[in-house]
Amino acid sequence: MERLTRRAVATIRENYHEPLALDDLARSVMMSKFHFIRVFQRTTGVTPGRFLSAVRLHEAKSLLIHSSLNVAEISARVGYSSASTFSRRFTAAVGLSPTRFRRAGRCDTLEGPRITPAPAGCGALGSVAGTVRTPERSRYPVCLGLFDGPILQGQPVAWTTLDRAEAFELRSVPPGAWHLHAVTLGARATGDQWGDSPLLVGTVGPVHVDAGVRTRADVTLRREDWTRPPVLLALPGFGSRPARPPADGACPAAPHAPGGGLRVPRQRSAAGA
């Protein structure tokens, strides 16, 4: 099953700019669409539709940093037929509008994410404490936060930056089920002409937080692999981290496509959104 999911992920990453349909992806790995959704989510942690949306927005981040295309052109290049829909989804996921991300990312002046305040009247708050571990040394800070989903995007309910992989505590956490995300930069390979350090990422969740309770959650950072949807949130010190541009410096041509996600059967639309 992992081999079939890997094939589907490769199709998404290579054809994100096209109007990919869930039926087509499921057929390519010889599964029913609903079984395909379950298998894909079991391996990657998200549905095919959410993975596709994350890839599209991540590619948009790269184009904003590495090209001179305007926002409308970029939205079309990554598979959106509506520039306004693209801008709205980009802003919600990345934390900055496309224009602000381009300006801040090129200068590497990104600030930490805004924290979603606890709802009024939610009562006592909890906390999450644990240790960040990494199998390889890093001289970069670790960004750590609690989010409402398995993709590192949107606004955290709690957030901190550590000097290194070490013990942490996130306080004033609203009760609920949250995903703990951590990310830093690893050591780049010797002789890498691009000079980029690989992302080290870790996710634990859902972490159930109760009022007045200190919940334990440890997270281990590892290099990104094919199963992980891209990191979308704009992070301080990561302004130039989106995917590298094509080797020849050209942006791949892409047709206009319906924006945002896979077409999922009406009766199960929530499963693939």
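Structure report, in brief.

What counts, and where the lines are drawn
Residues numbered from 1 in each chain as written. Predicted model: local features only at pLDDT ≥ 70, side-chain atom pairs only at ≥ 80, totals over all residues. Heavy atoms only, no water. Buried < 20%, exposed > 50% of the residue type's maximum accessible area, 1.4 Å probe, protein only. Helix = DSSP H or I, 4+ residues; strand = E, 2+ residues; numbered from the N terminus. Pairing = 2+ DSSP bridges. Contact = heavy atoms within 4.5 Å.

**Remarks on the pairing of strand S1 (residues 126-133)**
When you tally the buried positions in S1, you get seven out of eight residues, the bulk of the element. Sheet analysis places S1 next to strand S4 (residues 167-173), joined by five bridges and oriented antiparallel. Counted as the bridge partner of Ala 129 is Glu 169 from S4. Two strands pair when backbone bridges link them, and S1 and strand S7 (residues 214-216) are joined in this way by three bridges, in the parallel orientation. Residue pairing across strands places Ala 129 opposite Arg 216, the latter belonging to S7. Of the pairings in the sheet, the one linking S1 to strand S8 (residues 219-220) comprises two bridges and is parallel in character. Note on S8: the bridge partner recorded for Val 132 is Val 219.

**Some details on the side chain of Thr 215**
The topology assignment puts Thr 215 in strand S7. Residues within four places of Thr 215 in sequence aside, it is in contact with Ser 127, Val 128, Ala 129, Val 207, His 208 and Val 209.

**Things to note about unusual backbone geometry**
Negative phi values dominate among residues other than glycine, just as trans dominates among peptide bonds. Between Gly 205 and Pro 206 the backbone carries a cis peptide bond, its omega angle lying at 0°. Among the secondary structure elements, Pro 206 is positioned in strand S6 (residues 199-209). We note that Met 30 has phi near 60°; this positive angle belongs to a residue other than glycine. Within the fold, Met 30 resides in the loop between helix H2 (22-28) and helix H3 (33-44). Even without being glycine, Ser 172 reaches a positive phi, approximately 55°. Within the secondary structure, Ser 172 sits in strand S4. Take Ser 172: its relative accessible area is 47%, and that puts it in the partly exposed class.

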